[in-house]
Amino acid sequence: MASEEQISAIKRAKVLMVGAGGIGCELLKTLALSGFQDIHIIDMDTIEVSNLNRQFLFRQSHVGQSKAKASTFTILRFRPKISITPYHANVKESRFNVDFFKEFDVVLNGLDNLDARRHVNRLCLAADVPLVESGTTGFLGQVTVHLKGKTECYECQPKPAPKTYPVCTITSTPSKFIHCIVWAKDLLFAKLFGDKNQENDLNVRSSDTGNSSEHSADVFEYRKDEDIEQYGRRIYDHVFGHNIEVALSNEETWKNRNKPRPIYSKDVLPVKMTEKNGDTEKDCATGDVSVMAFLSLKNPQDIWSLAENSRVFLEALRLFFSKRLKDIGNLTFDKDDQLAVEFVTAAANIRASSFGIPLHSLFEAKGIAGNIVHAVATTNAIIAGLIVIEAIKVLKKDNNNYRMTYCLEHPSRKLLLMPVEPYEPNKSCYVCSETPLSLEVNTHHSKLRDFVEKIVKGKLGMNFPVIMQGASILYEVGEDLEEDMVAIYAANLEKAFSELPSSVISGTVLTVEDLQQEFSCSINIKHREEFDEEKEPDGMVLCGWVEAPVDKDNNKPIGNGESTSNALPSEEKDVEIQEMSGGTETVTGKKRKLSEVDESKKQKKPEKLDVDDEDDELVISDDWESLAKKNRV
Ligand SMILES: Nc1ncnc2c1ncn2[C@@H]1O[C@H](COP(=O)(O)OP(=O)(O)OP(=O)(O)O)[C@@H](O)[C@H]1O
Ligand SMILES: [Zn+2]
């Protein structure tokens, strides 16, 4: 039962929820049932059929509608008197600025990606609004309270980087099915259906053939004198036959490895598919285009033969060109795009077959390609409950009782939940302290553009960066810039560090600010001549972001890096950086103060977890005080 004090804190509160997906739906329901009266929701997505199994505020009839609006509508039907304000929008839009965040007593995250989480973290720090962060992955979950200067911020601990693979493993020497998936998804699919201007290592492979660069650039182009099946077979023979032959010619590579087998389409599918199948158009005229439906491959858990994979490959390519021509050039792999999944599964399997790697079903391939850990609705519900418990403590300013709580897959001592005291801010966090970072870079070769794209946007997660050396601005973005400044900044982007108007060399300190996030950090530049292409593909290395001392074995933080339904770091998920809409009209560059850390509150290690599997009786305790004491750090 809630106390009078809790009830009045709840009734007065204005809360912002970011994300109305797996956790968000549960959270909104729990907030409404707990008596919250003023809730704002930001979510940029629309509802998909695949959301319905766990996002219980949505029904079939909501598919295609805004998540923020549909969830509001459902809740208002049973709590008509409360105020819910939905925003069908990206939280990174400029209207959600520091002043917007300042309106709230607490912000509650139910997000699914690192980029948005970092953004909200910075706005909460700048606005000095408490943030309750959450994540789940299958049976695992985590809720954390972030309070400026009192507890660690979301970025105090480095998040595990998405797993990457050396380029040569992907392009030449795959040994696992995941390598084939990455090749099919990030190279072949991107090359055929994505942005033509993007760099792609398939180019490199093609030009290795010794052909003229003109020829290699043309290989993937659809020629006017061929029909779609001929085109598909040409691509097939090039990537699974010819390129493998070229790779085999480099004997050194195969001294200690099994040699791959070139595969040509005529050996696998001697008969032209259109001759065999007649007119295929009528079979897949409208609706969601799918090869499986057309080829009567019903069970996604079946493993297709090489011939079936080859048919799916050619047919998927044909359908992209005949039914989805307008998408070509703009596509990136999406696990919810059936045709894309079919193409990638087939391509990965044909490559796997060539390299003697076991083939996989579409269901498995989709899981690997889309980095799917199947969501568990009850974990989301538990986590949503914990978010509300922490939010209420925040509203009551119950500073000594905040808990970071883990939901465990293997209950420890019959306890499903493990609450621990939150960590204090990491004094070397570049976000909530003023610790400078350092960047090793070849100042003669690396361009400002690489720095902006790979480091400032890619690693530091900034949206509206300003890069300064002392008082001189080297680069900034914004709608209100004078034309001549835009031209100067565009020219600067193409210059190497040492060629910039105020030359950036070893020892230079750059200041990088994001005006929307009101976040700024200093970067010490250190010149380095050489970089290892495989290990340091950016050609620059950002350092100085020291991990705070956490007992890794006993208390492994869940990454929160990916999805509300996928909080653990997992292989090969690309962090999606959402496009911004709107301008920068709100912004002013203001520095935050150094966080004040309560030195008296020293951190200790959490108790070691014993996994007690013998007795599966579970206790979900609501005695938070005693639980917290048991696990107190
Ligand atoms: N930048 C952002 N701005 C607003 N909402 C966001 C942003 N990034 C993610 N979200 C929202 O966070 C929610 C996360 O929910 P969840 O992890 O359950 O993902 P989902 O897309 O619903 O499901 P799944 O990814 O498993 O198919 C989504 O509804 C998504 O739209
Ligand atoms: Zn921090």
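An unreviewed UniProt entry annotates the chain as SUMO-activating enzyme subunit of Hibiscus syriacus. For the record of the chain, the UniProt heading Subunit (unreviewed entry) holds the text "Heterodimer."

Trainee: Is there a simple way to explain the overall build of the chain in this structure?
Mentor: Scanning the chain from N- to C-terminus turns up 20 helices and 14 strands. The 633 residues of the chain split such that 53% are buried. In the chain, 71% of the contacts between residues at least 6 apart in sequence involve partners at least 24 apart.

Trainee: Quick question: what am I supposed to make of helix α15 (residues 338-354) here?
Mentor: If you check α15, its first and last C-alpha atoms are 24 Å apart, about what 17 residues at 1.5 Å a residue would give, namely 24 Å. Of all the 17 residues making up α15, 16 are buried; the element is thus mostly covered by neighbouring parts of the structure.

Trainee: In this structure, what is going on with the sheet that holds strand β10 (residues 465-469)? I would like to understand it.
Mentor: Where strands meet in a sheet, backbone hydrogen bonds hold them as pairs that are either parallel or antiparallel. Spatial strand order, β11-β10-β12-β13-β9-β14: six strands in an open sheet with mixed pairing. Unpaired on one side and paired on the other, β11 (472-476) and β14 (540-543) mark the two borders of the sheet. Pairwise comparison of adjacent strand axes, ignoring direction, gives a mean angle of 25° for this sheet. In terms of strand pairing, β10 meets strand β12 (residues 509-514) through five bridges, oriented antiparallel.

Trainee: Any chance you could explain unusual backbone geometry here in plain terms?
Mentor: A negative phi angle is the norm for most residues apart from glycine, just as the trans form is the norm for most peptide bonds. Phi at Ser296 takes a positive value of approximately 55°, unusual for a residue other than glycine. For Lys397, which is not glycine, the phi torsion reads 55° and is therefore positive.

Trainee: Any chance you could explain the coordination of the zinc ion (ligand 2) here in plain terms?
Mentor: Ideal geometry at a metal gives 109.5 degrees between four tetrahedral donors and either 90 or 180 degrees between six octahedral ones. Summarising the metal site, the zinc ion (ligand 2) is bound by the protein donors Cys153 (SG), Cys156 (SG), Cys429 (SG) and Cys432 (SG), whose distances to it range over 2.2 to 2.3 Å. Its four donor atoms give the zinc ion (ligand 2) angles of 93 to 115° at the centre, a pattern that matches the tetrahedral case. Donor residues for the zinc ion (ligand 2) sit on one chain with the sequence pattern C-x2-C-x272-C-x2-C. For the pair shown, Cys153 and Cys156 are each scored as buried.

Trainee: Looking at this structure, how should I read the UniProt feature "active site" (unreviewed entry) in the chain?
Mentor: UniProt annotation of "active site" (unreviewed entry) refers to Cys168 when read in the numbering used here. Note on placement: Cys168 falls in helix α6 (residues 167-171). Taking relative accessible area as the criterion, Cys168 reaches 35% and is therefore assigned partly exposed. Excluding residues that lie within four positions of it along the chain, Cys168 makes contacts with Thr173 and Glu534.

Trainee: Looking at this structure, I do not really get the side chain of Ser433. What am I missing?
Mentor: Within the element layout of this structure, Ser433 appears in the loop between β8 (415-420) and β9 (437-441). You can call Ser433 buried: its relative accessible area is 9%.

Trainee: Any chance you could explain the nonpolar core here in plain terms?
Mentor: What tends to happen in soluble globular proteins is that the nonpolar side chains get buried as a cluster. With 65 residues, the main nonpolar core has Trp183, Leu188, Phe193, Phe313, Phe320 and Phe343 as its most contacted residues. Among the elements of the structure, α7 (177-193), α10 (228-248), α13 (291-295), α14 (306-323), α15 and α16 (362-369) are those that each provide at least two residues to this core. Here this core takes twelve residues from α7, the largest share from any one element. Trp183 has contacts with Ile170, Thr171, Leu188, Leu202, Val239, Phe240, Ala347 and Arg351, leaving out every residue within four places of it along the chain. Of all hydrophobic cores here, the second largest spans 43 residues; its members include Leu31, Leu147, Ile392 and Leu395.

Trainee: Looking at this structure, I do not really get the packing of helix α2 (residues 22-33) against helix α17 (residues 377-395). What am I missing?
Mentor: Their axes nearest at 8 Å, the elements α2 and α17 cross at an angle of 50°. Relative to α17, the element α2 is oriented oblique. Helix-helix and strand crossings are classified by hand; for α2 and α17 the assignment is right-handed. Along its contact with α2, which presents Gly22, Ile23, Glu26, Leu27, Thr30 and Leu31, the element α17 presents Asn380, Ala381, Ile383, Ala384, Gly385, Ile387 and Val388. Taken together, the residues of the contact of α2 with α17 sort by class into eight nonpolar, four polar and one charged.

Thresholds applied
- Residues numbered from 1 in each chain as written.
- Chains lettered and ligands numbered in written order.
- Predicted model: local features only at pLDDT ≥ 70, side-chain atom pairs only at ≥ 80, totals over all residues.
- Heavy atoms only, no water.
- UniProt positions renumbered as here; feature names shortened; annotations may be inferred.
- Helix = DSSP H or I, 4+ residues; strand = E, 2+ residues; numbered from the N terminus.
- Buried < 20%, exposed > 50% of the residue type's maximum accessible area, 1.4 Å probe, protein only.
- Contact = heavy atoms within 4.5 Å.
- Expected span 1.5 Å × (residues − 1).
- Pairing = 2+ DSSP bridges.
- Axes fitted to C-alpha atoms, helices over the stretch in contact; angles between N-to-C directions.
- Donors = N, O, S within 2.8 Å, 3.2 Å for Na, K, Ca; no water.
- Tetrahedral: all angles 85-135°; square planar, octahedral: opposite > 155°, others 65-115°.
- Core = buried A, V, L, I, M, F, W, Y, C linked by side-chain atoms within 4.5 Å.
- Parallel < 35°, antiparallel > 145°, perpendicular 65-115°, else oblique.
- Left-handed = near helix turned anticlockwise from the far one by under 90°.
- Nonpolar A, V, L, I, M, F, W, Y, C, P; charged D, E, K, R; others polar.

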